[in-house]
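Architecture at a glance
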Amino acid sequence: MGDLFLVRHGETEWSRSGRHTGSTDVPLTDQGREQARRLVPLIRSHRVGAAFASPLQRARETAELIGLQGVRIDTDLREWDYGGYEGVTTVEIQRTRPDWFLFTDGVAPGPPEHPGETPEQVGERADRVLAKADAALADTEGCVVLVAHGHFLRVLTARRLGLPPSAGALFQLATGTLCRLGTEHGRPVIAAWNVRPPA
C-alpha cells in the first residue's frame, strides 16, 4: 500500500496574519502561489494514484499549481469550522479566555450556517477522509495526496496515528508544505513532516 501525502495550501492574507480561516474563502497570496509551485518536484518524484482536495479555493488552487490531475473535491477536507472565532486571532481570543486552546477547548458558537465544531467532530471528519484515502490506496498503485488546511490536517495526522483529535496540537504545520504518512512494520508513522524545497 502506498503512502499518504498531505499538502497544506499556500499562504493567504489571513494565514499570514494568524486569523482563524475556516469557511471564509480567501485566495492565495502571490507568496502562497510560489510556495505551491515549489512543491511540484516533490510531487512529481512520486506516482500519484489519487488526489483529493478541500472545496475552498486556497486548497483547489494549490492542487492545481502542484500539477495534480483528476482531483476529487471532498467537503470533509474543509478546515475546522471556527464558529464565532472565524477571522479572529489566538491573541485576540486569549484576551478574554487566557487559557483557551483550540485543540482541547474548541470554539465559541457561531451563526447557524457555521455553528463551530468540537475537536471530536473534526476528528470524525478526519476518520471519514482516512477511510476514503485507504480505499483509494487499495484500488490504485502509488500514493494518495490530500490538499487541505493546517488544523484539519493536524487532526487527521493524529487520527492516522491512533491518537485523539486533541493530539493534533503536537504537529505544527506551515503553509505550502508537504508531509508524508507511511508505515513501518505495518504501523502508521510520520515519514516526513513540513517539507518545503529551498527557494
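Our structure's up above, just so we're on the same page.
A brief report on the enclosed structure follows. The structure displayed is predicted, hence computed values, not measured ones.

The subject of this paragraph is the packing of aromatic side chains. This structure, assessed with the given rule, holds 4 aromatic pairs. Seen in terms of ring centroids, Y85 and W100 are 5.3 Å apart; in terms of plane orientation they differ by 80 degrees. Their pairing is edge-to-face. Of the two residues, Y85 is situated in the loop between β3 (72-73) and α5 (90-93) and W100 in the loop between α5 and α6 (102-105); the sequence distance between them amounts to 15 residues. Per residue, the accessibility class of Y85 equals that of W100, and both read buried. A cation over an aromatic ring shows up here: R19 above the ring of W14, its NZ or CZ 3.8 Å from the ring centre.

Now for the pairing of strand β4 (residues 143-148). Along β4, 6 of the 6 residues are buried, which leaves the element largely enclosed by surrounding structure. Alternating positions in β4 separate into two faces, C143, V145 and V147 on one and V144, L146 and A148 on the other, with burial throughout. Relative to β4, strand β2 (residues 48-53) runs parallel, the two being bridged by 5 bridges. Each residue of the ladder has a partner; that of A51, found in β4, is V145.

Calculation criteria
- Residues numbered from 1 in each chain as written.
- Predicted model: local features only at pLDDT ≥ 70, side-chain atom pairs only at ≥ 80, totals over all residues.
- Heavy atoms only, no water.
- Phe/Tyr/Trp six-rings, centres within 6.5 Å; stacked < 30°, edge-to-face > 60°.
- Helix = DSSP H or I, 4+ residues; strand = E, 2+ residues; numbered from the N terminus.
- Buried < 20%, exposed > 50% of the residue type's maximum accessible area, 1.4 Å probe, protein only.
- Lys NZ or Arg CZ within 6 Å of the ring centre and 35° of its normal.
- Pairing = 2+ DSSP bridges.

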